[in-house]
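The residues making up each chain are set out below.
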Amino acid sequence: MKVIEYHERTKHLPNRPARSAGYLDWATEPDPFRSYDGTTPIQLPFSNAVSDANYFDLFTRNNNRFQAFSFTNIAHLLELSMGLSAWKSYSGTSWALRMNPSSGNLHPTEAHLVLPPIQEYNNSGGVFHYNPQSHVLEPRAEFDEQFWLKLEKHFRQKGFLIGLTSIYWRESWKYGERAFRYCNHDIGHAMACLSFSANLLGWKITYLNSLSTKDMEVILGFQKTTWKEFEREEPDLLFFVHKSSQNLDKRGIPSDIIKSFDSLHFKGEPNQLSKDHEDWHVIDEVSSETSKPVTEGVIYHYKEHEYFEKEIPAMSGEGIIRQRRSAQAYDGKTTITKNDFFAILDKTIPRSHSAPFDLEPGDIAVHLLIFVHRVIGLDSGLYFLIRNEEDIADVKQKCHPYFFWKMVHDAPNMSNLYLLQKGDFRREATFASCQQDIAGDGAFSVGMIAKFKENIENNPFLYRRLFWETGMIGQILYLEAEAHSVRGTGIGCFFDDVVHKLLGFDNNAYQSLYHFTVGGALEDTRITTLPPYYHLKKM
């Protein structure tokens, strides 16, 4: 099967990394910002004040009052989820950071919106591309109120659409064949970012899981777009953004409405990202193999769990979003308390009516292998968090027979956290993560273990979705780390089968798809931090 073949050939092995150029060709470095030349950008307003919502309100939906689907509020949603968070400068070179993290800060993820008629666009609706560099919407197609009312009537409520797409070249420039994995990690991070930011506005995003990849291409006008070779955008998923308090019973869009998008005139030519490219054809092949067909719309329900940790006094939700950064190195000594550790893990458990998982990414398929290094009150060692109870017996049976599987009883409401083996696993964590010290120098690190073969064999398009789930978990870990005075970082480079051997896996029923680590960050004082949109004030 081609998807499994791709996964096998893009594993890093201790004696053979996955295929890439092996060096950085700075002459062909991709432009980190996509724009559609020939459009007339609409400037979005910047938010003037930080929301007073508590950090806990990013997750729960009780306290966030609904705010109108206005141009200003849509701008705020985009600024907090897909916008810039800062600029960094060192030795004459500057680079932008974003609210949504990305492997190597390369940002393959793009956002497109389908908006109802807005005053700021001559009272017309349309299809727009969001360009975070200048915080603008680039109008690609225009339609009237009658066109939009068909969509509104279908969903039986007001709202709008947001689509996420990937430009594979941005990642493959550096990471070669493994880049497809990283693009889908980044989609998952962006999904969580949008869900959290929407929640602060009293909005909810719901994944329209019935739609095919081709449906999304038509809606976003990609079939009418002239793409430069190797730089096309691949549609990943489409959300309907709606009022949090209103349930959405649709997971698709009727074919006649989709076809009506084909009648629109789409404008704008994608800017050129690089002057030359390397052809990583296996990425196009796996992209094609994992293209989603039309499927029956499914409404997913998760359990109603109480949270282990509730409101953190004086902790701003928006403030945590804005301060999130990726650690580059850890001090090798910072500890966290057992209760903070439990609180961080607890937030990764999907809950109905709680962001981000109530966007309904699908059946929960990812579990956490945890290397505990410096958690006060907890033995160092290997732990395992089962996130879907249906997999407990299966995972246990496939692991080493000598593991304890001792339930951690003092973790309230988290009865599926188990101690596998006591001991100092800093060396093993470091080695498994491509010998990167950050995996052993933090308070703990995580390997995200997905139920793999069964999902992929039945539905190849779920390959992408497994990575989306890991990215969503990663985004929660980022924010939770910040909220508990430490810092997180995602790790895409790891020796896949070293992790599997550590657990005792002898087949691909489960696979490690993403690593993450949390600890006390070391700051590089040589690097200057600048405000996110300072460059616009200089112009």
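Before reading further, recall that the structure is shown in the block above.
The structure displayed is predicted, hence computed values, not measured ones.

1. Regarding the pairing of strand β18 (residues 444-451)
With respect to burial, β18 is a largely interior element, eight of its eight residues being buried. Here β18 shows two buried faces, one formed by Phe444, Val446, Met448 and Ala450 and the other by Ser445, Gly447, Ile449 and Lys451. As judged from the seven bridges shared by strand β13 (residues 366-372) and β18, these two strands associate in the antiparallel manner. Note that in β18 the partner of Val366 across the bridge is Ala450. When β18 meets strand β20 (residues 510-519), the two strands line up antiparallel, connected through eight bridges. From the neighbouring strand, Met448 faces β20, where its bridge partner is Tyr514.

2. What about the packing of helix α1 (residues 2-9) against helix α8 (residues 281-289)?
Relative placement of two packed helices is described by the angle separating their axes and the distance separating the axes. One can describe the packing of α1 onto α8 by two numbers: an axis separation of 9 Å at closest approach and a directional angle of 140°. In this view, α1 runs oblique relative to α8, as classed from their interaxial angle. For the pair α1 and α8, the sense of crossing is left-handed. Across the interface between the two elements, Lys2, Val3, Tyr6 and Arg9 of α1 pack against Val282, Val286 and Glu289 of α8. Within the contact of α1 with α8, the residues separate by chemical class into four nonpolar, no polar and three charged.

3. Some thoughts on the side chain of Lys347
Relative to the assigned elements, Lys347 resides in the loop between α10 (338-346) and β13. When its relative accessible area of 2% is taken as the criterion, Lys347 is described as buried. For Lys347, the residues in contact, after removing those within four places along its chain, are Phe56, Phe59, Tyr307, Glu309, Ile476 and Glu480.

4. Overview of the state of the cysteines
Counting across every chain of the model gives one disulfide. Through a disulfide, Cys434 is tied to Cys493; the S-S separation comes to 2.2 Å. When the S-S torsion is -90°, as for the bridge of Cys434 with Cys493, the disulfide is left-handed. Linking Cys434 in the loop between α12 (426-432) and α13 (438-441) with Cys493 in the loop between β19 (487-491) and α16 (496-503), this pair joins segments that are 59 residues apart in sequence. Using a relative accessible area of 16% as the deciding quantity, one classes Cys434 as buried. As a non-bridged cysteine, Cys193 has Cys183 as the owner of its nearest cysteine sulfur, 16 Å distant.

5. Here's the deal with the nonpolar core
Counting 143 residues, the largest nonpolar core has Phe160, Leu164, Ile253, Phe261, Phe341, Ile370 and Leu417 as its most contacted members. At twelve residues, the largest contribution of residues to this core is made by helix α15 (residues 462-483). Apart from the residues lying within four places of it in its own chain, the contact partners of Phe261 are Val114, Val127, Phe143, Phe147, Leu151, Val218, Ile219 and Phe266.

6. Quick notes on the packing of aromatic side chains
What the rule picks out here adds up to 36 aromatic pairs. Centre to centre, the rings of Phe69 and Trp203 are 4.9 Å apart; their planes meet at 45°, and the pair counts as tilted. With a gap of 134 residues between them, Phe69 in the loop between β2 (42-43) and α2 (71-81) and Trp203 in strand β9 (residues 203-207) connect regions that are remote in the sequence. Between the aromatic rings of Phe222 and Trp227, the centroid separation amounts to 5.0 Å while the plane-to-plane angle is 85°, which identifies the pairing as edge-to-face. Of the aromatic side chains, those joined through ring pairs into one cluster are Tyr6, Tyr168, Phe180, Phe452, Tyr463 and Phe467. Its end group placed over the ring of Phe494, Arg178 keeps NZ or CZ at 4.8 Å from the ring centre.

7. A word on unusual backbone geometry
Ala355 connects to Pro356 through a cis peptide bond whose omega is 0°. The residue His353 is not glycine, and still its phi comes out positive at about 60°. Along the polypeptide, His353 turns up in the loop between α10 and β13. For Cys434, which is not glycine, the phi dihedral falls at a positive 55°.

Criteria and thresholds
- Residues numbered from 1 in each chain as written.
- Predicted model: local features only at pLDDT ≥ 70, side-chain atom pairs only at ≥ 80, totals over all residues.
- Heavy atoms only, no water.
- Buried < 20%, exposed > 50% of the residue type's maximum accessible area, 1.4 Å probe, protein only.
- Helix = DSSP H or I, 4+ residues; strand = E, 2+ residues; numbered from the N terminus.
- Pairing = 2+ DSSP bridges.
- Axes fitted to C-alpha atoms, helices over the stretch in contact; angles between N-to-C directions.
- Parallel < 35°, antiparallel > 145°, perpendicular 65-115°, else oblique.
- Left-handed = near helix turned anticlockwise from the far one by under 90°.
- Contact = heavy atoms within 4.5 Å.
- Nonpolar A, V, L, I, M, F, W, Y, C, P; charged D, E, K, R; others polar.
- Disulfide = S-S within 2.5 Å.
- Core = buried A, V, L, I, M, F, W, Y, C linked by side-chain atoms within 4.5 Å.
- Phe/Tyr/Trp six-rings, centres within 6.5 Å; stacked < 30°, edge-to-face > 60°.
- Lys NZ or Arg CZ within 6 Å of the ring centre and 35° of its normal.

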